[in-house]
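For reference, the chains in residue letters:
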Amino acid sequence: MEISEIKKYLATKIVGEKIFVYDEVGSTNDILRQLAGEGTAADGMVVVSDSQTAGRGRLGREWVSPAGRNLYLSALFCPEISPHESPVFTFLASCSLVEVLSGYGVDATIKWPNDVLVGGRKISGVLTELCASNDAVDYIVIGIGVNLNLPEEFIRSKMGDIYEKTTSLSILLGENVNREKFCAKLINSLDHFYGEFCRHGTQAIVDMWIKRWGFLGKRISLDVSGKVITGVVERVDPTGFLYIRTDDGYLRRIVAGDTVF
Ligand code: BTN
């Protein structure tokens, strides 16, 4: 990917002000964490790579990261929040993705906690990693993978048993997309939502996310450590936790899990 092409479409204040583009890395999250650890990274710094040899998703899963096809992007944020509020940055990333996809005429939905789906198939995932000390965040790295130009045959042959649940923007649009342009649009959107966070705080992002998520007051099933919990969502708090009223009348606070459809 060409950095000059990305910059052509950038219109940001903080996110992407500093941007590094690589041909191949282990994981863009690791590069950014390393820079942040060395003290050379700044709020809003972005790392993008054409491919990843050790792309990873949540729960130690692999993130398939072939060259020349997708977007692998990590962004660094240094907000003054406590560590338990960090999930709000996953929400911020999901809102950004939904907005960018809608600009392509694609109606994306959010699957708590971190997936973006179209027609029930995953197009993007967010991996949020955190460094904190003394109950304050030092930095948060948001890693975003988006399937852009993956044909059906690739998904079928290379994505193992998740192939039926995976899609790409090129499949949805029937044509390949300009990756640099998509990348810039996503950075612009991250910058917009980060601005909202800086101006209005955590709850504002949670509210924007709830609107796009659409499950408040609705019935949901969640896999929590292998046990399925079903109930009505009563509340999402600023830490990203869900409060589910189960059929036996209990209000359960869900800290981590996967949505089951
Ligand atoms: C998930 O759905 O489990 C999250 C996937 C996150 C993948 C992205 S690609 C860019 C960044 N680098 C990584 O190694 N992972 C994230």
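Residues numbered from 1 in each chain as written. Predicted model: local features only at pLDDT ≥ 70, side-chain atom pairs only at ≥ 80, totals over all residues. Heavy atoms only, no water.

### Thoughts on helix H2 (residues 28-38)
Taken residue by residue, H2 has Thr28, Asn29, Ile31, Leu32, Leu35 and Ala36 as its buried positions. All buried residues of H2 project into a common sector of 165° when viewed along the axis, lining one side. Residues Gly37 and Glu38 are exposed on H2 and point more than 90 degrees away from its buried face. Contacts made by the buried residues of H2 are with strand S1 (19-25), strand S2 (46-52), strand S3 (71-77), strand S6 (121-133) and strand S7 (136-146). (Buried < 20%, exposed > 50% of the residue type's maximum accessible area, 1.4 Å probe, protein only. Helix = DSSP H or I, 4+ residues; strand = E, 2+ residues; numbered from the N terminus. Arc of directions from axis to C-beta. Contact = heavy atoms within 4.5 Å.)

### A look at unusual backbone geometry
Here the amide bond leading from Trp112 into Pro113 is cis, since omega sits at 5°, within 30 degrees of zero. By the secondary structure assignment, Pro113 is in the loop between strand S4 (109-111) and strand S5 (115-118). Positive phi, normally seen in glycine, also occurs at Asn134, with a value near 50°. Within the fold, Asn134 resides in the loop between S6 and S7. Given a relative accessible area of 78%, Asn134 falls into the exposed group.

### Observations concerning the site of the ligand
Neighbouring the ligand are 21 residues, the closest being Ser27, Gln52, Arg56, Arg58 and Lys122. Take Gln52: an N or O atom from its side chain is 2.9 Å from a nitrogen atom of the ligand. Interatomic distance of 2.7 Å between a backbone N/O atom of Arg58 and an oxygen atom of the ligand. When the ligand sits alone it has 420 Å² of accessible area, and the protein chains cover 98% of it. Elements supplying a minimum of two residues to the shell around the ligand: H2, S3, S6 and S7. Considering every element that reaches the shell around the ligand, the biggest residue donor is S6, with four residues. Partitioning the shell around the ligand into residue classes produces six nonpolar, 11 polar and four charged. (Near = heavy atom within 4 Å. Polar contact = N/O pair within 3.5 Å; in protein donor to acceptor, adjacent residues only side chain to side chain. Areas by Shrake-Rupley, 256 points an atom, 1.4 Å probe, with all protein chains shown as cover. Nonpolar A, V, L, I, M, F, W, Y, C, P; charged D, E, K, R; others polar.)

### Things to note about the sheet that holds strand S9 (residues 227-236)
Reading across from one edge, S11-S10-S9-S8-S12 is the order of the five strands in this open sheet, with antiparallel pairing throughout. Looking at strand neighbours, the two that pair on one side only are strand S11 (251-254) and strand S12 (258-260), the edges of this open sheet. When strand polarity is set aside, the average angle formed by the axes of neighbouring strands in this sheet is 50°. This element, helix H7 (residues 202-213), spans strand S8 (219-224), S9 and strand S10 (242-246) of the sheet and lies at about 125° to S9. (Pairing = 2+ DSSP bridges. Axes fitted to C-alpha atoms, helices over the stretch in contact; angles between N-to-C directions.)

### Comments concerning the domain arrangement of the protein
If you check the domain split of the protein, you get domain 1 (3-212) and domain 2 (217-260). The partner domain 2 presents 13 residues to the 16 residues of domain 1 that form the contact. Between domain 1 and domain 2, a total of about 1100 Å² is buried, with carbon and sulfur atoms accounting for 60% of that surface. For the domain 1 face of the interface with domain 2, the top three residues by lost area are His84, Lys111 and Trp112, together amounting to 48%. Across the contact surface, domain 1 and domain 2 share two salt bridges. On the surface where domain 1 and domain 2 come into contact, there are four residue pairs in polar contact (both at pLDDT 80 or more). Of all the elements in the fold, those that place two or more residues in the side of domain 1 that touches domain 2 are helix H3 (87-103) and H7. By residue number, the principal contributor to the side of domain 1 that touches domain 2 is H7, which donates five residues. The residue makeup of the side of domain 1 that touches domain 2, split by class, is nine nonpolar, three polar and four charged. (Domains from an automatic or database assignment. Buried area = accessible area lost by both parts, 1.4 Å probe. Salt bridge = Lys/Arg side-chain N within 4 Å of Asp/Glu carboxyl O.)

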